[in-house]
Amino acid sequence: AQSVTQPDIHITVSEGASLELRCNYSYGATPYLFWYVQSPGQGLQLLLKYFSGDTLVQGIKGFEAEFKRSQSSFNLRKPSVHWSDAAEYFCAVGPATDSWGKFQFGAGTQVVVTP
Amino acid sequence: SAVISQKPSRDICQRGTSLTIQCQVDSQVTMMFWYRQQPGQSLTLIATANQGSEATYESGFVIDKFPISRPNLTFSTLTVSNMSPEDSSIYLCSVAPSMGDTQYFGPGTRLTVL
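Residues numbered from 1 in each chain as written. Chains lettered and ligands numbered in written order. Predicted model: local features only at pLDDT ≥ 70, side-chain atom pairs only at ≥ 80, totals over all residues. Heavy atoms only, no water.

## So, the overall build of chain A
Stage number 1. Secondary structure assignment for chain A yields zero helices and twelve strands.
Stage number 2. Taken over the C-alpha atoms alone, chain A extends approximately 45 × 30 × 20 Å along its principal axes.
Stage number 3. If you sum the accessible surface of chain A, you get close to 5400 Å²; carbon and sulfur atoms cover 50% of it.
Stage number 4. Of note, chain A has its 8 positive side-chain charges centred 4 Å away from the centre of its 9 negative side-chain charges. (Helix = DSSP H or I, 4+ residues; strand = E, 2+ residues; numbered from the N terminus. Areas by Shrake-Rupley, 256 points an atom, 1.4 Å probe, with all protein chains shown as cover. Lys, Arg positive; Asp, Glu negative; His and termini not counted. Charge placed at Lys NZ, Arg CZ, Asp CG, Glu CD.)

## Points about unusual backbone geometry
Stage number 1. The omega torsion across Lys7(B) and Pro8(B) is -10°, close enough to zero to call that bond cis.
Stage number 2. Its identity is not glycine, yet Ser72(A) carries a phi of approximately 50°, on the positive side.
Stage number 3. Checked against the element boundaries, Ser72(A) lands in the loop between β8 (64-68) and β9 (73-78).
Stage number 4. Positive phi, close to 45°, is recorded for Asn82(B), a residue that is not glycine.
Stage number 5. Locating Asn82(B) in the fold gives a position in the loop between β8 (75-80) and β9 (89-96).

## Quick look at the pairing of strand β10 (residues 87-94) of chain A
Residue and element names in this part refer to chain A.
Stage number 1. Summarising burial for β10: eight of the eight residues are buried, a large majority.
Stage number 2. For strand β5 (residues 32-38) and β10, the ladder comprises seven bridges, and the chain directions are antiparallel. Bridge pairing in β10 links Leu 33 to Val 93.
Stage number 3. With two bridges joining them, β10 and strand β11 (residues 104-105) adopt antiparallel strand pairing. By the bridge assignment for β11, Ala 92 is matched with Phe 105. (Buried < 20%, exposed > 50% of the residue type's maximum accessible area, 1.4 Å probe, protein only. Pairing = 2+ DSSP bridges.)

## What to know about the interface of chain A and chain B
Stage number 1. Each side of the interface is counted separately: chain A has 22 residues, and chain B has 22 residues.
Stage number 2. Listed by contribution, the elements that provide at least two residues to the side of chain A that touches chain B are β5 and β6 (45-50) of chain A.
Stage number 3. Ranked by residue count, the leading element in the side of chain A that touches chain B is β5(A), at three residues.
Stage number 4. In terms of residue class, the side of chain A that touches chain B is made up of twelve nonpolar, seven polar and three charged. (Contact = heavy atoms within 4.5 Å. Nonpolar A, V, L, I, M, F, W, Y, C, P; charged D, E, K, R; others polar.)

## So, the confidence of the model for chain A
Stage number 1. A residue-level look at chain A finds 94% of positions with pLDDT of 70 or above and a mean pLDDT of 90.
Stage number 2. Across chain A, strand β3 (residues 19-21) of chain A holds the top mean pLDDT of 98, while β11(A) sits lowest at 90. (pLDDT = per-residue confidence, 0-100.)

## Description of the state of the cysteines
Stage number 1. This model, assessed by the stated rule, comprises two disulfides over all chains.
Stage number 2. Each sulfur of the disulfide joining Cys23(A) and Cys91(A) lies 2.0 Å from the other. The sign of the -65° torsion about the S-S bond sets the Cys23(A)-Cys91(A) disulfide as left-handed. Here the residue Cys23(A) occupies a position in the loop between β3 and β4 (24-26), and Cys91(A) occupies one in strand β10, the gap between them amounting to 68 residues.
Stage number 3. Residue class for Cys23(A) comes out buried when judged on its relative accessible area of 0%.
Stage number 4. Between Cys23(B) and Cys93(B) runs a disulfide, and the two sulfur atoms are separated by 1.9 Å. On the sign convention where negative means left-handed, the S-S torsion of about 60° between Cys23(B) and Cys93(B) marks this disulfide as right-handed. Linking Cys23(B) in strand β3 (residues 19-25) with Cys93(B) in strand β9, this pair joins segments that are 70 residues apart in sequence.
Stage number 5. Using a relative accessible area of 0% as the deciding quantity, one classes Cys93(B) as buried.
Stage number 6. You can see Cys13(B) has no disulfide; the closest cysteine sulfur is in Cys93(B), sitting 18 Å from it. (Disulfide = S-S within 2.5 Å.)

## Remarks on the pattern of salt bridges
Opposite charge on two side chains permits pairing when their charged atoms draw close.
Stage number 1. As enumerated under the stated definition, the model contains five salt bridges over all chains in all.
Stage number 2. When the shortest N-O distance is used, the salt bridge between Lys78(A) and Asp85(A) registers 2.8 Å. Like Lys78(A), the residue Asp85(A) is buried in the burial classification.
Stage number 3. One salt bridge in this structure joins Lys65(B) and Asp87(B), with 2.6 Å as the shortest N-O distance. Residue Lys65(B) is located in the loop between β6 (56-57) and β7 (68-72), and its partner Asp87(B) is located in the loop between β8 and β9; the two are separated by 22 residues in the primary sequence.
Stage number 4. The exposure class of Asp87(B) is buried, given its relative accessible area of 5%.
Stage number 5. By sharing partners, the salt bridges in this structure join Glu64(A), Glu66(A) and Arg77(A) into a single network. (Salt bridge = Lys/Arg side-chain N within 4 Å of Asp/Glu carboxyl O.)

Here it is as structure tokens:
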């Protein structure tokens, strides 16, 4: 069965510092991987996704993620965080293109940005 | 991508009553999904709704409690029936425009049951 683990429940980072959020997955085939962000009181917004090809994926808001098959990881990074990056971040595994299978979401990482 | 709206955005309800949440998409989509996000938790899939067929419910969710309609390719409703305080959550709908595609989420409905 597929699963997603986000080891860090809560991360505090200073504005302007770099940020890395960890995501590990378990999936029987080549996974389709996603990062979403949820600001307070909002729905989920897609940051980036990986289907195939280049393992370094660029997303919106200056975020990037790197797929590492050997480590079963898809970590999200941002070189310099802004106060507006304070939010909850969810990693997700999606089904293959020939399936209507459901998404599996991680537990989420809450990011707090300090001045 | 798809633009999704939900109504209501939030509501406060009395126990024992029911609330119907609407989800509208700006384009035709095959699959729509309903999720529950309990306070401080991740997303849990309630059911998958395909137009023209009965919704498929996940383990722990039943049609009598969460009836779903999917009358066309741009609209769906989720009803939370006979509510109790444990139903207080954010309810989100999402869509997948095609098989294996990205899921796009609505803004959510924040429900509080007293």
